[in-house]
Structures are given as C-alpha cells and as structure tokens.
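Structure at a glance
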Amino acid sequence: MKVVALLATVATAAAFVPQQAGPQTTALNAEAGRREFFGKAAGAAAAAFLPVAAANAVVDYENVAYLGGSSKVDINNANVRVYLKMPGMYPAAAGKIVSNGPYNSVSDIFNIPGLSSKEKEVMKKYESRFVALKPSADYVIDRINNGLYR
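Computed from a prediction, not measured in an experiment: that's the story for all the values here.

Each turn of an α-helix holds 3.6 residues, which means side chains three or four residues apart point in the same direction. Those residues of helix α4 (residues 117–125) not exposed but buried are Glu 119, Val 122 and Met 123. For α4, the buried positions fall inside an angular range of 100 degrees around the axis, keeping them on one side. Opposite the packed face of α4, turned more than 90 degrees from it, sit the exposed residues Ser 117, Lys 118, Glu 121, Lys 124 and Lys 125. Tucked inside the fold, the buried residues of α4 contact α3 (92–99) and β2 (130–131).

Below is the structure:
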C-alpha cells in the first residue's frame, strides 16, 4: 500500500515537471501527451481513494480521568465542580479542599484549618473516591474557577 501511495505521489509530482524541449510537430506526440496526462490523472485519482492511516493522538495529561470523568477524584488537580457529584461536598467542603492544596496524601485533607465536624464526616464518607496525584500546573490554576457558569 505504501508503494502504491509513493507511486501515485511521484506520478502526480511528475505532472508539474517541465517537458524536455524537442520536436512536437507530429500527431503522435500529441497522442502520447494525452496518454501520459490521463495516466497521471488516473494515478492521482487512485491515490485519493486509498485509506488513510489514523493519526495517533497525544494525550496531554494521562490522569485526565481523575478530573471528574471517573469514580475517582484527584484532590490536587480536580475542579471544585467535580464535587457536585458527591452530595454534601459542594460548596463548603469542596471549596476548602481546592483552596488548601496541594496534598501529599488523601489523609491530608482532614488537617485543613477551619473544617467543621460535619465537613470532616462527609469527606470521610467519600475518602475512598479520592486520590492525591502530583499537581499539574495546567489544572491547579483552574481548581477554584474554571470559567464555566450555568
């Protein structure tokens, strides 16, 4: 398949190369020119219908699932709105979590100053859903306000 694509590319490129100067006064030369033109056009048309290989996407942030797309939430990088899925967390407890990071471990969230016993209780309820991954500068900046409004 690569050979066919290469040949089609060469045939297409050859169409733009200037012809060598020579006698072009006979009808045979005109006929050969048409054959060459249609041969190159057919090669270009065949190349247009060849299947194109899929592009391999580069994943910018390998832990993107922990930003709200899975059952686990990264307490160092997830936005405050992710905690809406956990009844009792938003806005008070969630706001304190995102405002006081980064954390080395999930248990660090229980040391946030000013936590009420009710907030600690609700955090304990969802503790198994939290992970503390390395903070990423691209996501830490948007933890409190990512610019999405209702």
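Ranked by size, the top nonpolar core spans 22 residues in total, and within it Tyr 83, Met 89, Ile 97, Ile 109, Met 123 and Phe 130 carry the most contacts. Elements with a contribution of two residues or more to this core: α3 and α4. If you tally residues by element for this core, the top one is α3, at four residues. What Ile 97 contacts, discounting residues up to four positions off in sequence, is Ile 75, Tyr 83, Met 89, Tyr 103, Ile 109, Ile 112, Met 123 and Arg 143.

What α3 keeps buried is the set Ala 93, Ala 94, Ile 97 and Val 98. For α3, the angular spread of buried residues about the axis comes to 125 degrees, placing them on one side. For α3, the secondary structure elements touched by its buried residues are α4.

So, about the environment of Val 140. Tracing the chain through its elements places Val 140 in helix α5 (residues 137–140). Classification of Val 140 as partly exposed rests on a relative accessible area of 32%. Counting along the chain gives 63 residues from Val 140 to Asn 77, while the straight-line C-alpha distance between them is 5.2 Å. Those residues in contact with Val 140 that lie beyond four places of it in its chain are Asn 76, Asn 77 and Pro 135.

For side chains bearing opposite charge, pairing can occur when the charged atoms are close. One pass over the structure, following the stated rule, counts three salt bridges. Glu 36 is the partner of Lys 40 in a salt bridge, and the nearest nitrogen-oxygen pair spans 2.6 Å. In this pair, Lys 40 and Glu 36 both sit in helix α2 (residues 27–48), four residues apart, roughly one turn of the helix. Lys 40 gets classed as buried once you look at its relative accessible area, which sits at 18%. Judged by relative accessible area, Glu 36 falls into the partly exposed class, the value being 35%. One salt bridge in this structure joins Lys 96 and Glu 119, with 2.8 Å as the shortest N-O distance. With Lys 96 in helix α3 and Glu 119 in helix α4, this pair connects stretches of sequence that are 23 residues apart.

Viewed as axis vectors pointing N to C, α3 and α4 meet at an angle of 80 degrees, and their least axial separation amounts to 9 Å. By the angle class used here, α3 and α4 are roughly perpendicular. Of the residues in α4, those touching α3 at Ala 92, Ala 93, Lys 96 and Ile 97 are Glu 119, Val 122 and Met 123. Here the residues of the contact of α3 with α4 sort into five nonpolar, no polar and two charged.

About the criteria used
- Counting starts from 1 at the beginning of each chain's written sequence and moves along it residue by residue.
- Local features in this predicted model are restricted to residues of pLDDT 70 or higher, and side-chain atom pairs are both shown and tallied only at a pLDDT of 80 or more, whereas totals for entire chains, interfaces and linings draw on every residue.
- As a rule here, side-chain values cover all heavy atoms of the structure and leave hydrogens and water aside.
- Buried residues are those whose accessible area, probed at 1.4 Å on protein chains only, stays under 20% of the maximum for their type, while exposed residues exceed 50% and partly exposed ones sit between those limits.
- Per the convention used, a helix needs a DSSP run of H or I reaching at least four residues, while a strand needs a run of E reaching at least two, with both numbered from the N terminus.
- When we speak of the arc, we mean the arc of directions from the helix axis to the C-beta atoms.
- We call two residues in contact whenever any of their non-hydrogen atoms come within 4.5 Å of each other.
- We define the nonpolar core as a collection of buried residues of types Ala, Val, Leu, Ile, Met, Phe, Trp, Tyr and Cys that are connected through side-chain atoms lying within 4.5 Å of one another.
- Throughout this description, the term salt bridge denotes a Lys or Arg side-chain nitrogen within 4 Å of a carboxyl oxygen of Asp or Glu.
- Axis lines are fitted to C-alpha atoms, over the contacting stretch for helices. Their N-to-C directions set the angle, which ranges from 0 to 180 degrees.
- Any angle between 65 and 115 degrees counts as roughly perpendicular, while under 35 counts as roughly parallel, over 145 as roughly antiparallel, and the rest as oblique.
- Classification used: nonpolar for Ala, Val, Leu, Ile, Met, Phe, Trp, Tyr, Cys and Pro, charged for Asp, Glu, Lys and Arg, polar for all others including Gly.

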